[in-house]
Amino acid sequence: MRGLVLAAGLGSRFKSEKPKVLHEILGKPMLWYVINNLRNGGVTEIGVVVSHKAEEVKKAFEHEGLRFFYQKNPKGGTADAVLAAKDFFASYEGYLVVLNGDSPLVSGETIKNMLNYVTMVERYEGKRVSALVLSAYLPDPTGYGRIIREEGSDRVLKIVEEKDATPEERAVSEVNAGAYVFWAPHLLEALFQIKPSPVTGELYLTDAVNYMAEKGYEVRLFRAKEPSEALGVNTRWELAVAESLIKLKLVRFWAERGVTFHLPETVWLEPEVSFEPDAEVFPGAVLKGKTKVKKGARIGEGALLVDATVEEGARVEPYSVVERSVVKKGAVVGPFARVRDGSTVGEGAHVGNFVEVKKSSVGPGVRAKHLAYIGDATLGKGVNVGAGVVFANYDGRQKHPTTVGDYAFIGSNALLVAPLKLGRYAFVAGGSVVTKDLPDYAFAIARPPLEVKEGLARKFLDIKEDES
Ligand code: UD1
Ligand code: CA
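Residues numbered from 1 in each chain as written. Chains lettered and ligands numbered in written order. Predicted model: local features only at pLDDT ≥ 70, side-chain atom pairs only at ≥ 80, totals over all residues. Heavy atoms only, no water.

> Hey, could you run me through the site of ligand 1 in this one?
Neighbouring ligand 1 are 24 residues, the closest being Q71, G77, T78, E161 and N176. Between an oxygen atom of ligand 1 and a main-chain N or O atom of A8, the distance comes to 2.8 Å. Measuring from an oxygen atom of ligand 1, one finds a side-chain N or O atom of T78 at 2.7 Å. Contact with the protein chains removes 89% of the 750 Å² of surface that ligand 1 exposes when unbound. Taken together, the elements giving at least two residues each to the shell around ligand 1 come down to α3 (78-84) and β10 (174-183). (Near = heavy atom within 4 Å. Polar contact = N/O pair within 3.5 Å; in protein donor to acceptor, adjacent residues only side chain to side chain. Areas by Shrake-Rupley, 256 points an atom, 1.4 Å probe, with all protein chains shown as cover. Helix = DSSP H or I, 4+ residues; strand = E, 2+ residues; numbered from the N terminus.)

Quick look at the structure:
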């Protein structure tokens, strides 16, 4: 099945240097959604018409297996855009899906249903549908093409653009959603017959539809499942609305699969994030990229996850950041922790308040509960990392690794100077600077001896004797 996306327009109402279709919705360019929806609708060969900043658009989608077509005049109009891609369907005896590049909410399911509809009409009514137009009733249809239909039927008489509409036509609230299925040979015929709009000088794709209707070809409406599918993104405000709607659709999708979202309107959720049942997401959480949240895992208030995996029963506590890292079963990260760059927090481990873990593997059951930096390190099972411990991994030129054996105890405020190896059950006394490897069961202490000088405090403090 073939589909064509119109993405050549100037998008001037965006007031942007960047092509409109590359503006992002939940971390992906708007065009990504259109292409994804076409694919989910069963369209396998996809053409994209580009013009304004064509190279940028092509580059952003170069590995997607798309065919690009170049429209000379980005103000030529939607029919001119389709004509620019005529090689894509000129010798194609089949149905062609055409979708506006600024209609990211037309769902894959709707596209599939539209394609099913035309095959059903062919099979059961023995008629070929030349054009099937996706429509919706909008409380405020301003800016959209209005659909004038035959009384009491789903036959389209014509589509009138807002600019060309009479006051009565403007009062119609049924609009063209910018998604069509065309019988390719009839589309081609119509494209060569239509004339530019006397108002705007553009060639309208809707006039191709009108030509077919006048000619007596079968032109029908297909009602969108939800009116929001018709949303065209012409302004940054509409971009913001589209983003919220798509986000809520994603939330609903996962909620139906057993995931709890608290105040989902406050959550950021990208389309490639996935969940298992009984995962729970709290207000203000931000889930990006290919993050995976497994069974029963909890993502706390304000947590940021980027390409993170949070395994079964694990918790990312409020205001913590996990980037490209794995939090294993039952582990706890945070509150206020940061785990990044390919780190692993082992089963049942606890990386707590103000702890940063970078490119490190933290073993099962490790406790690093407060104020520590763990960088380029491998920690065995059950290691204790005291408050304020720093793995000094950088010597001003290079990064060096540290390994810590099972059940080692690192006292508070110790400084571990890498490269370094601490054995199993090694014990580092609080405040020590460790610059040599420690064998298994070794105890290390490096602190200047403590001097206690009685009464000397009087020299430094104004003592109010009567307070004693
Ligand atoms: C279009 C429809 C309107 C419909 C609305 C739905 C026409 C004439 N009108 O209006 O009936 O209700 O979509 O959102 O089709 N484009 C090109 N080349 C061009 C002009 C546009 O590729 O020369 C692309 C744009 O990048 C955009 C899409 O076609 O992605 C739609 O164009 P736009 O100008 O936004 O049409 P609307 O006025 O929104
Ligand atoms: Ca538009």
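> Hey, could you run me through the packing of aromatic side chains in this one?
In total, this model carries 14 aromatic pairs according to the counting rule given. Here the aromatic rings of F261 and F275 are separated by 5.5 Å at their centres, their planes lie at 80°, and the arrangement is edge-to-face. Of this pair, F261 sits in strand β12 (residues 260-261) while F275 sits in strand β14 (residues 274-275); the two residues are 14 residues apart in sequence, bridging distant segments of the chain. For the pair F261 and F275, a shared accessibility class is recorded, and that class is buried. Among the aromatic residues, those joined into a ring-pair cluster are F253, W254, F261 and F275. One Lys or Arg, R2, reaches over the ring of Y92 and ends 4.1 Å from the middle of that ring. Against the face of W183 rests R128, its NZ or CZ located 3.6 Å from the ring centre. (Phe/Tyr/Trp six-rings, centres within 6.5 Å; stacked < 30°, edge-to-face > 60°. Buried < 20%, exposed > 50% of the residue type's maximum accessible area, 1.4 Å probe, protein only. Lys NZ or Arg CZ within 6 Å of the ring centre and 35° of its normal.)

> Please clarify how the pattern of salt bridges should be interpreted in this entry.
Oppositely charged side chains can pair when the atoms bearing their charge come close. Taken as a whole, this structure holds 27 salt bridges when the rule is applied. Linking E189 and K215 is a salt bridge whose minimum nitrogen-to-oxygen distance equals 3.0 Å. In this pair, E189 is assigned in helix α6 (residues 184-193) and K215 in the loop between α7 (205-214) and β11 (218-223), connecting sequence segments 26 residues apart. The partly exposed category is assigned to E189, whose relative accessible area is 24%. Connected through salt bridges with shared partners, the residues E125, K127, E150, R155, E218 and R220 form a single ionic network. (Salt bridge = Lys/Arg side-chain N within 4 Å of Asp/Glu carboxyl O.)

> Could you clarify how one ought to interpret the side chain of S51 in this entry?
One can find S51 in the loop between β4 (45-50) and α2 (54-60). S51 sits in the buried class, given a relative accessible area of 6%. Engagement of the side chain of S51 in a polar contact is seen with the backbone oxygen of Q71, the distance being 2.7 Å. Not counting residues up to four positions away in its chain, the partners in contact with S51 are A8, Y70, Q71, K72, N73 and P74. (Contact = heavy atoms within 4.5 Å.)

> Would you take a moment to explain the coordination of the calcium ion (ligand 2) for this structure?
Ideal values differ by geometry: the angle at a metal is 109.5 degrees with four tetrahedral donors, but 90 or 180 degrees with six octahedral donors. Each protein donor to the calcium ion (ligand 2) is listed here as D102 (OD) and N234 (OD1); together their distances run 2.2 to 2.3 Å. Of this pair, D102 sits in the loop between β6 (95-100) and α4 (108-125) while N234 is found in the loop between β11 and α8 (236-255), placing the two residues 132 residues apart along the sequence. Per residue, the accessibility class of D102 equals that of N234, and both read buried. (Donors = N, O, S within 2.8 Å, 3.2 Å for Na, K, Ca; no water.)

> Got a minute to help me understand the pairing of strand β27 (residues 350-353) in this structure?
Residues in a regular strand project their side chains so that they alternate between the two faces of the sheet. As defined by bridge partners, strand β24 (residues 332-333) adjoins β27 across 2 bridges and the pair is classed as parallel. Across the sheet, V333 pairs through a bridge with V351, a residue of β27. Pairing of β27 with strand β30 (residues 367-370) involves 3 bridges; the strand directions are parallel. Directly across from V351, in β30, lies its bridge partner A368. (Pairing = 2+ DSSP bridges.)

> Help me out: how do you make sense of the nonpolar core in this one?
General note: in soluble globular proteins, nonpolar side chains tend to be found buried as a group. Of all hydrophobic cores here, the largest spans 108 residues; its most connected members are L31, L269, F275, L287, I410 and L422. Among the elements that line this core, the one with the most residues is helix α1 (residues 30-40), at 7 residues. Shared between two domains, this core holds at least three residues of each, these being domain 1 (2-230) and domain 2 (236-444). Residues in contact with L287, not counting those within four places in the same chain, are V267, W268, L269, E270, V273, F275, V281, V293 and L305. Among the nonpolar cores identified, the runner-up in size contains 37 residues, and A8, A81, V156 and A184 belong to it. (Core = buried A, V, L, I, M, F, W, Y, C linked by side-chain atoms within 4.5 Å. Domains from an automatic or database assignment.)

> Would you take a moment to explain α7 for this structure?
Residue pairs three or four apart in sequence face the same way in an α-helix, which turns once every 3.6 residues. With 8 of 10 residues buried, α7 is to be regarded as a mostly interior element. Buried within α7 we find L205, T206, A208, V209, N210, Y211, M212 and A213. Just downstream of α7 lies G216, where phi reads positive at about 90°.

> Sorry, what's going on with the environment of S361 here?
Position of S361 among the secondary structure elements: in strand β29 (residues 361-362). In this structure S361 comes out as partly exposed when scored by relative accessible area, which is 30%. Sequence separation between S361 and G380 is 19 residues; the distance between their C-alpha atoms is 8.3 Å. When neighbours within four sequence positions are excluded, S361 is seen to be in contact with T344, A377, T378 and L379.

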